[in-house]
Amino acid sequence: MFLLRLAVKNLSRYTRRTIITAVAIAMGIAMYLAVDSMLLGAAEESERNLKWYETASLRVHTTAWWEDRLFLPLDEAIEEPQPILETIHALGYGAVSRTRFSAELILGWEEFGEDGYLPVEITAIGEDDGTVYRYGATLAEGRFFNAGEMDGIVLGSWLAEDIGATVGSSLIVSTRGKGGFFEAFDAQVVGLVNCPNPNVNRTLVMMDIQAADQYLGMKGAVTNIDILVPDREEVQSVQRTLSQALSSLDSSVIVLTWKDLAQDYLAIVSSKQGGSSLILFLIFIIAAVGISNTMLMAMYERGGEIAMMRAMGMEERRLWVSFLLEAALIGLLGSAIGMVLGALATLYMVEVGIDLSFMLRDLDMGFRIPSVMRGAWSLSSFIVAAVGGTVLSGMAAVIPVRRALKSPITTALVRL
Amino acid sequence: MVRLEDVSRIYQNGQSVVKALDRVSLSVSGGEFLSIAGPSGSGKTTMLNLIGCLDTFDEGELYINERPIGGMTNKERTAFRRRHLGFIFQSYNLIPVLTAYENVSFVLELLDMEEKRIKETTLHMLSEVGLAGLEGRRPAELSGGQQQRVAIARALVKEPSIVLADEPTANLDSKTGEEILTLMKTMNERRGTTFIFSTHDAMVMEYARRLVLLHDGRVVSDEQRGS
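For every chain, the first residue of the written sequence is number 1, and numbering continues from 1 onward in sequence order. Each chain gets a letter, beginning with A, and each ligand a number, beginning with 1, in the order they are written. With the structure being a predicted model, the display of local features is reserved for residues of pLDDT at least 70 and the display and counting of side-chain atom pairs for 80 or more, all residues being used for whole-chain, interface and lining totals. Remark: hydrogens and water are excluded; side-chain values derive from all non-hydrogen atoms of the structure.

## Topic: the sheet that holds strand E2 (residues 16–28) of chain B
All names here are of chain B. Basically, it comes down to this: At least two bridges found by DSSP between two strands are what make those strands a pair. Strands are runs of DSSP state E lasting at least 2 residues, helices are runs of H or I lasting at least 4, and numbering of each runs from the N terminus.
Overall, antiparallel pairing links the four strands, which are arranged E2-E1-E4-E5 in an open sheet. Strands at the two margins of the open sheet, each flanked by one partner only, are E2 and strand E5 (67–68). Here strand E1 (residues 2–13) runs beside strand E4 (residues 59–64); their pairing, made up of five bridges, is antiparallel. By the bridge assignment for E4, Glu 5 is matched with Glu 61.

Put into C-alpha cells, the structure is as follows:
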C-alpha cells in the first residue's frame, strides 16, 4: 500500500512531464482504437455484403470447374443441379442455381457514341434468386428481367455509368456456349442496380438463367449452386454437413465457403490487420520511449533519494515495485485518456462514419463497403489497448530502474 | 558494538590507487556519542560508509554487534541496515512528496510493522524531536532545522542500535546546528543509541564525548572527552 501511495505521489511531483507522457500514450491508443474500429466495421460490413451480393455463404461447384475457375468453364458445369438443390432444401437451407460465364459486351456507335467492346462476367440468375441474395431492394432504375426474358440484362450502376449505358440501351453480347460454339445475341438494359457492395456496382451484368441456358446450350446444367446459411449457424459446420450429404449424390461436386471464394478480399483484410498491428506496435514504441525517458529523468533526479531508501534497508524488490508501479500508472493514465478519446472516435465512426464516396467510386480498396465507412465496437481492442499500454509502460521502466539500482549507494549519496 | 580490525579501503581509479582507510582499528561501545573528525579526504565518510554497511572493505574485518560484516551478501547487508542502523544525511534527503509523518513512518513500513503501531511510534517519535503538530507538512514547508529533525526521527524511529550521521549540521546555521546536536545528544542519553557522526567543524567536535581524528586514512588520535 505504501509503495502504491509513494508511486501515486511521485506522479504528482512532475505533473507536466507526467501529463505530456500520458497524453502521448493516450493519442496513440486513441488512434489505434479509431483505426481498429474502422477496419473492424469495414470487415464486418464487407463480409455481410460479400455474402448478400457476391458469394452467398456456401457455393457448390464441380471440382473440375473450381480448378479451372479463372476461365469460367461451362464444360465443367453441374449437369444435374436439381437433386443437389433438393438435398440442400431438405436440410433446411436456401439454395439457388446460377450460371456464370465470360462474355463481351459489344457497344455500337449509334447507342454509345463510339464502337467498342468490354470483357465482362455475366451471372445468370433465376426468379428464386432472392431466397439467397438480396438484390430486391437495390434496383436504382428500371426493372429486373422476367423469367424467360431473352434479351433483358441488368447492369451495375457504376458499370453503366462507365460505358454510358442507361435503361433502354441496346448492345450485343458475344460469348461461347458449352462445347465452345460462338454465340451472340442482342440485349437491352432493363435495370440498373446500386447496392452497398462497390465491387458489384462496378462489374455486375445479370441476365435470366433460362435465357442463358438456351443461348449457351446448357441443357439444364448450371455452373454453381449458391447457399444461404443463417448467421446463427457456423458456415464451416454446415459445409461439412452438406459435403457429406452431397458426396453420395454427386462425387464430382465440392462445397466451398465464402472465405474460399473471396480469398482476394481476405488477403486484403489480413494485410490491413497487419497495418493495424503495426500501428499498435508503433504506439507501444512511443509509450516505451516516452516512459523510458520519463523514468530515466526521474531516476537521475531522484538518485539521492533512491540511495537513501536503499541505505535505510529498502529491498531492491520493493524499489522495483515502486518504480514499475509509477511507470505503469503513467501508462494507465494514458490508457484511460486514450480509451475515452478512442471511445469518442469509435462512437463517431459507428454513428456517422467517414464518407469515402470520392475515392470508392474509382478506387478498389478491397473492402465491400458502401460510400460511408463505418466503425464497429470491439471490447477486446479496448482491453488490449488498456492492458498493453499499462503493462508495456511498466516494462519500459525496467532499464532505468536497473540502471539506478546498479549504481553503488555511496556514489549516489555523494549526489545528495 | 562496533569493532574495526585492521580495516583498509582502497579505491582504484585507472592507474592511481588511493588508500582511503589504511589498516584502521577502532572499537565503539554501545551508547557512545562519537565524532569522527579530520580534514577533507581523511577517510571520515569512507569509515561511516563501512560501518553503515553501505560499502565493502578490502582488508581486515568489521564486526557490528559481534557479527562479522565482511562475509555478508548484499541482501544480508540490506537486511542488517534495515534492522540495526539509522542514517542522518548532510542534506536531510527527505522525500519531497511525502509529509513529515510519511517520511518517518516509511522506515517502519519496511519492517512490515502493523499500521496501528506505525502510527503510534511515528507520532511519538516526531513529538520527541519537537515536531508535534507539524506531521502533515511536506519538507518544502519546513525549515532546514525542522527537516533535519525529521531526518533524526526517521533514523531513530525503528530503534536502531547505531545511528550514523555524515556531517549532520553542515547545511545548517550554527544556532540550528547546535540545536540539532543537542537533540542528538539528548536522544543518545535518553535512548542509549550509539551515535557516530563525522565532522570537520570544531564546534560540532565539542559535543562529542569521544573524538577520533583521522588523517590520510589513519587514526591519529582517539580521545575521550568529558562533556
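## Details of the domain arrangement of chain A
Buried accessible area, meaning the area lost when the parts come together, often serves as the stated size of an interface. Residue and element names in this part refer to chain A. Under the convention used in this document: Source of the domain bounds: an automatic or database domain assignment. Any two residues having at least one pair of non-hydrogen atoms within 4.5 Å are treated as being in contact. Put simply, buried area is how much 1.4 Å-probe accessible surface two parts lose in total, over both of them, once they are put together. One side-chain nitrogen of Lys or Arg within 4 Å of one carboxyl oxygen of Asp or Glu is enough to make a salt bridge. For the purposes of these results, a polar contact is taken to be a pair of N or O atoms within 3.5 Å, where, inside protein, one atom must be able to donate a hydrogen and its partner to accept one; residues adjacent in sequence count only when each atom of the pair is a side-chain atom. When residues are sorted by character, Ala, Val, Leu, Ile, Met, Phe, Trp, Tyr, Cys and Pro go into the nonpolar class, Asp, Glu, Lys and Arg into the charged class, and all the rest, Gly among them, into the polar class.
Domain annotation for chain A reports domain 1 (2–50 + 265–413) and domain 2 (58–228). Its C-alpha centre places domain 1 at a distance of 50 Å from the equivalent point of domain 2. Every contact between the two is made by 10 residues of domain 1 and, on the other side, eight residues of domain 2. Considering only the side of domain 1, the residues that lose the most area to domain 2 are Asn 49, Arg 361 and Arg 368, jointly responsible for 63% of the buried surface there. For the pair domain 1 and domain 2, the interface holds zero salt bridges. Run the count over domain 1 and domain 2 and you get two residue pairs in polar contact (both at pLDDT 80 or more). Residues that form the side of domain 1 that touches domain 2 fall into these classes: six nonpolar, one polar and three charged.

## A few points about the pattern of salt bridges
Residue and element names in this part refer to chain B. Test applied: Working definition: with a 1.4 Å probe on protein chains only, accessible area under 20% of the residue-type maximum means buried, over 50% means exposed, and in between means partly exposed.
Taken as a whole and assessed by the stated rule, the structure comprises 33 salt bridges over all chains. Asp 55 is paired through a salt bridge with Arg 9; the nearest N and O atoms lie 3.1 Å apart. In this pair, Asp 55 sits in the loop between helix H1 (44–51) and E4 while Arg 9 sits in strand E1, placing the two residues 46 residues apart along the sequence. A salt bridge links Asp 22 to Arg 218; the nearest nitrogen and oxygen atoms lie 2.9 Å apart. Placement of Asp 22 in strand E2 and of Arg 218 in strand E10 (residues 218–224) is noted, with a sequence separation of 196 residues between them. Relative accessible area serves as the criterion here: at 13%, Asp 22 is assigned to the buried category.

## Some words on the pairing of strand E1 (residues 58–62) of chain A
All names here are of chain A. Extensive coverage of E1 is indicated by the burial of five of its five residues. Side chains of E1 alternate between two faces, with Leu 58, Val 60 and Thr 62 and Arg 59 and His 61 buried alike. Relative to strand E10 (residues 253–257), E1 is paired through five bridges, and the arrangement is antiparallel. Each bridged residue has a counterpart across the sheet, and for Leu 58 the counterpart in E10 is Thr 257.

## Details of the environment of Pro 400 of chain A
Residues and elements named next belong to chain A. Examined against the element boundaries, Pro 400 turns out to sit in helix H16 (residues 398–406). What makes Pro 400 buried here is its relative accessible area of 1%. Beyond its immediate chain neighbours, meaning those up to four positions away, Pro 400 contacts Ser 292, Met 295, Leu 296 and Met 299.

## Thoughts on the side chain of Ser 8 of chain B
Residues and elements named next belong to chain B. For Ser 8, the position within the fold is in strand E1. Looking at Ser 8, the relative accessible area reads 0%, which means it is buried. Among the polar contacts made by the side chain of Ser 8, one reaches the main-chain amide nitrogen of Arg 23 at a distance of 2.9 Å. Those residues in contact with Ser 8 that lie beyond four places of it in its chain are Lys 19, Leu 21, Asp 22, Arg 23, Phe 57, Asp 58 and Glu 59.

## What about the interface of chain A and chain B?
Counting from both sides, the interface comprises 22 residues of chain A and, opposite them, 23 residues of chain B. Taken together, both faces of the contact between chain A and chain B bury some 2200 Å²; the carbon and sulfur share is 64%. Considering only the surface of chain A that becomes buried against chain B, Phe 2, Lys 9 and Met 312 of chain A emerge as the three largest contributors, covering 30% of it. Linking chain A to chain B there are four salt bridges. Across the pair Glu 315 of chain A and Arg 82 of chain B runs a salt bridge, and its minimum N-O distance is 3.7 Å. Our count for the contact surface shared by chain A and chain B stands at nine residue pairs in polar contact (both at pLDDT 80 or more). Of all elements in the fold, only helix H1 (2–13), helix H12 (303–311) and helix H17 (409–414) of chain A reach the threshold of two or more residues within the side of chain A that touches chain B. Among the elements that take part in the side of chain A that touches chain B, H1 of chain A stands out by supplying seven residues, more than any other. Counted by class, the side of chain A that touches chain B contains 10 nonpolar, five polar and seven charged residues.

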